[in-house]
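# Tertiary structure, described
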Amino acid sequence: MNTFNPIDLLFSGMGKLGPGDNVHTLNVLKLLPRRHFGLIVDAGCGTGRQTIALATKLNTLVHAIDVHEPFLADLIRRAKTARIEHLVQVHCMDMKDIPDVFQRIDLLWSEGAAYNMGFSNALITWAPAIDPEGFVVVSEMSWVREQIPDKVREFFLSGYPGMQSIQQNLMAIEKAGYTILATYTLPREAWVKGFYDILGKRAKILVSHPDPSVRSLALETIKEIDVFAHSEDSYGYVFYVLQRI
Ligand SMILES: C[S@@+](CC[C@H](N)C(=O)[O-])C[C@H]1O[C@@H](n2cnc3c(N)ncnc32)[C@H](O)[C@@H]1O
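The text that follows walks through the structure, step by step, so that each part is easy to find.

## Section: the overall build of the protein chain
- Secondary structure assignment for the protein chain yields 10 helices and seven strands.
- For the protein chain, whose C-alpha radius of gyration is 18 Å, the value lies close to the compact-globule estimate of 18 Å for 245 residues.
- Across its three principal axes, the protein chain shows a C-alpha extent of roughly 50 × 45 × 30 Å.
- Evaluated residue by residue, the protein chain yields a buried proportion of 51% over its 245 residues.
- A separation of at least 24 residues holds for 78% of the contacts in the protein chain among residues at least 6 apart in sequence.
- Looking at charge distribution, the protein chain has the averaged site of its 24 positive side-chain charges lying 5 Å from that of its 27 negative ones.

## Some words on the site of the ligand
- By nearness alone, 17 residues border the ligand, and Gly-44, Asp-66, Asp-94, Met-95 and Glu-111 come closest of all.
- For the ligand, an oxygen atom lies 2.6 Å from a polar atom in the side chain of Asp-66.
- Between the ligand and Val-67, the relevant distance is 3.4 Å, taken from a nitrogen atom to a main-chain nitrogen or oxygen of the residue.
- About the coverage of the ligand: the protein hides 88% of its 600 Å² of free accessible area.
- A breakdown of the residues in the shell around the ligand according to their chemical character gives seven nonpolar, seven polar and three charged.

## Concerning the pattern of salt bridges
- Applying the stated criterion to the full structure yields nine salt bridges.
- Asp-106 is the salt-bridge partner of Arg-34, the closest N and O atoms lying 3.2 Å from each other. On the criterion of sequence distance, the pair formed by Arg-34 in the loop between α2 (22–29) and β1 (40–43) and Asp-106 in strand β4 (residues 105–110) is long-range, its members being 72 residues apart.
- Across the salt bridge formed by Arg-49 and Glu-111, the nearest N and O atoms sit 2.7 Å from each other.

## What to know about the state of the cysteines
- Considering all chains together, one arrives at zero disulfides under this definition.
- Considering cysteine sulfurs only, Cys-92 is the nearest to Cys-45, which forms no disulfide, with 9.3 Å between them.

## So, the nonpolar core
- Of all hydrophobic cores here, the largest spans 53 residues; its most connected members are Leu-32, Leu-107, Trp-109, Phe-156 and Tyr-235.
- Per element, the largest residue contribution to this core is seven residues, and it comes from helix α9 (residues 189–206).
- Ignoring any residue separated from it by four or fewer positions in sequence, one finds Tyr-235 in contact with Met-141, Ser-142, Trp-143, Val-144, Val-152, Phe-156, Met-163, Trp-191, Glu-224, Val-227 and Phe-228.

## Some points on the packing of α9 against helix α10 (residues 212–229)
- Their axes nearest at 9 Å, the elements α9 and α10 cross at an angle of 140°. The angle between the axes of α9 and α10 places the two elements in the oblique class. Once α9 is placed against α10, the crossing between them reads as left-handed. Two secondary-structure elements touch here, α9 through Trp-191, Val-192, Tyr-196, Leu-199, Gly-200, Ala-203, Lys-204 and Leu-206 and α10 through Val-214, Arg-215, Ala-218, Thr-221, Ile-222, Glu-224, Ile-225 and Phe-228.
- Taken together, the residues of the contact of α9 with α10 break down into 11 nonpolar, two polar and three charged.

## Regarding the sheet that holds strand β3 (residues 88–92)
- Strand order across the open sheet formed by seven strands is β3-β2-β1-β4-β5-β7-β6, with mixed pairing between neighbours. The open sheet has two edge strands, β3 and β6 (178–185), and neither has a second partner. Each neighbouring strand pair of the sheet contributes to a mean axis angle of 20°, computed without reference to strand direction.
- Bridge analysis of β4 against strand β5 (residues 130–143) gives five bridges, and the strand direction is parallel. Bridge assignment links Leu-108 to a residue of β5, and that residue is Val-136.

## Describing the environment of Gly-177
- Counting through the fold element by element, Gly-177 comes out in the loop between α8 (166–175) and β6.
- The class of Gly-177 is buried, set by a relative accessible area of 16%.
- Separated by 26 residues in the primary sequence, Gly-177 and Ala-203 have C-alpha atoms spaced 40 Å apart.
- The contacts of Gly-177, once residues within four sequence positions are left out, are Gln-243, Arg-244 and Ile-245.

## A short note on helix α7 (residues 150–159)
- If you check which residues of α7 are buried, you get Val-152, Phe-155 and Phe-156. The arc enclosing the buried residues of α7, seen along the axis, measures out at 90°, which places them on a common side. Facing away from the buried side of α7 by over 90 degrees, the exposed positions are Asp-150, Glu-154, Leu-157 and Ser-158.
- The elements touched by buried residues of α7 are β5, α10 and β7 (235–244).

About the criteria used
Residues numbered from 1 in each chain as written. Predicted model: local features only at pLDDT ≥ 70, side-chain atom pairs only at ≥ 80, totals over all residues. Heavy atoms only, no water. Helix = DSSP H or I, 4+ residues; strand = E, 2+ residues; numbered from the N terminus. Rg over C-alpha atoms; globule rule 2.2 N^0.38 Å. Buried < 20%, exposed > 50% of the residue type's maximum accessible area, 1.4 Å probe, protein only. Contact = heavy atoms within 4.5 Å. Lys, Arg positive; Asp, Glu negative; His and termini not counted. Charge placed at Lys NZ, Arg CZ, Asp CG, Glu CD. Near = heavy atom within 4 Å. Polar contact = N/O pair within 3.5 Å; in protein donor to acceptor, adjacent residues only side chain to side chain. Areas by Shrake-Rupley, 256 points an atom, 1.4 Å probe, with all protein chains shown as cover. Nonpolar A, V, L, I, M, F, W, Y, C, P; charged D, E, K, R; others polar. Salt bridge = Lys/Arg side-chain N within 4 Å of Asp/Glu carboxyl O. Disulfide = S-S within 2.5 Å. Core = buried A, V, L, I, M, F, W, Y, C linked by side-chain atoms within 4.5 Å. Axes fitted to C-alpha atoms, helices over the stretch in contact; angles between N-to-C directions. Parallel < 35°, antiparallel > 145°, perpendicular 65-115°, else oblique. Left-handed = near helix turned anticlockwise from the far one by under 90°. Pairing = 2+ DSSP bridges. Arc of directions from axis to C-beta.

Here is the structure:
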């Protein structure tokens, strides 16, 4: 019997594995007070859209970390196409182990991935690996309004019960030993263009897949996109631009 990896079927070949866009990655980069960084780590890099944007802009080696090997293989292919393979080093590892592998990180970047460890837990875990006065830029889905439609609240109660408001995240950041330099919220089109527009079409095809785990992921994805369409901007993807203190 064939086995299918639902993640690969849904996401393979996608340039974006989460909401975002190079223009926003580079806008956020500009919010940092420096342009030169020593050790740079991209945690939960996926297929590396932001890895390539950062490495190209900074002309500095980026260590790209992910647990899913096929995403890293895709990133290497993309870095070669962009002729910057010398600026990208991939590591197939769990981002919770970053402090065991890297010391004195000057810039730790993580787009749409920290939630896998829990936002506060990720910041606390990574802190010992960050250079004194080094930077952490992490994006996290956050409640941005107090009025939340019932359908949306219900979905995230099971989908991401740990989701916090911006205010709650700012408190968690200070507790974890960082100072907040800026926040930046992605506009709606960064969720749709090149992400939900592709994912939605793939998911609709995969709902009739023979493997139940593939069907289940496809249905969950369709629901997530529908919730986003009815979100009334109650949540957003927020970049937190931080400095270690
Ligand atoms: C939503 S994707 C975002 C990928 C990429 N940053 C982007 O925005 O396109 C989250 C990524 O985190 C990776 N991931 C999940 N848990 C992880 C862990 N514990 N350690 C390292 N990577 C992890 C997944 O494999 C996936 O590539």
